[in-house]
Amino acid sequence: MSTWEKAKAQLEEVAGKAVRKSAHAMGKEKLAAKGGALETRGKARHMKEKAKDKLP
């Protein structure tokens, strides 16, 4: 398991959350949805990387 992949997943999740919250505050719902999708993709990647750690 690569530390780089874990960090990349975490960064994607945090960036998506920041985009979602800032776009929502500005009233740009389409951009907020894209930020939410990026956040979800980061969460999914993070869970995948955690699952890889548990494999023998």
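Structure's up top.
Residue numbers run consecutively from 1 along every chain, following the written order of its sequence. Restriction of local features to residues with pLDDT of at least 70 applies here, the model being predicted, together with a cutoff of 80 or more for giving and counting side-chain atom pairs; totals for whole chains, interfaces and linings are based on all residues. Working from all heavy atoms in the structure, the side-chain values ignore hydrogens and water.

Things to note about helix H1 (residues 3-26)
Then, in step 1: Helix and strand assignments come from DSSP, with helices taken as H or I runs of at least 4 residues and strands as E runs of at least 2, each series counted from the N terminus. Between the first and last residue of a helix there are one fewer steps than residues, each counted as 1.5 Å, and that sum is the expected span. Between its first and last C-alpha, H1 extends 35 Å over 24 residues, near the 34 Å set by a 1.5 Å rise per residue.
Then, in step 2: Within H1, the full set of buried residues consists of Ala-9, Glu-12, Glu-13, Gly-16 and Ala-23.
Then, in step 3: The contact criterion used throughout is that any non-hydrogen atoms of two residues lie within 4.5 Å. The secondary structure elements touched by the buried residues of H1 are helix H2 (29-54).
Then, in step 4: Positive backbone phi, at 85 degrees, marks Gly-27, one or two positions downstream of H1. Only protein chains enter the accessibility calculation, which uses a 1.4 Å probe. A residue is then buried if its area is under 20% of the maximum for its type, exposed if over 50%, and partly exposed in between.

Description of the pattern of salt bridges
Then, in step 1: By convention in these notes, a salt bridge is any Lys or Arg side-chain nitrogen within 4 Å of a carboxyl oxygen on Asp or Glu. Inspection of the entire model under this criterion finds seven salt bridges.
Then, in step 2: With a closest N to O distance of 2.8 Å, Lys-6 and Asp-53 form a salt bridge. Of this pair, Lys-6 sits in helix H1 while Asp-53 sits in helix H2, and the two are 47 residues apart along the sequence.
Then, in step 3: Under the relative-accessibility criterion, Lys-6 is labelled partly exposed at 34%.
Then, in step 4: Across the pair Arg-45 and Glu-12 runs a salt bridge, and its minimum N-O distance is 3.5 Å. Of this pair, Arg-45 sits in helix H2 while Glu-12 sits in helix H1, and the two are 33 residues apart along the sequence.
Then, in step 5: By relative accessible area, which is 12% here, Glu-12 ends up buried.
Then, in step 6: Counted as one network, the salt bridges with shared partners bring together Glu-12, Arg-41 and Arg-45.

These values are about where atoms sit, not about what they do.
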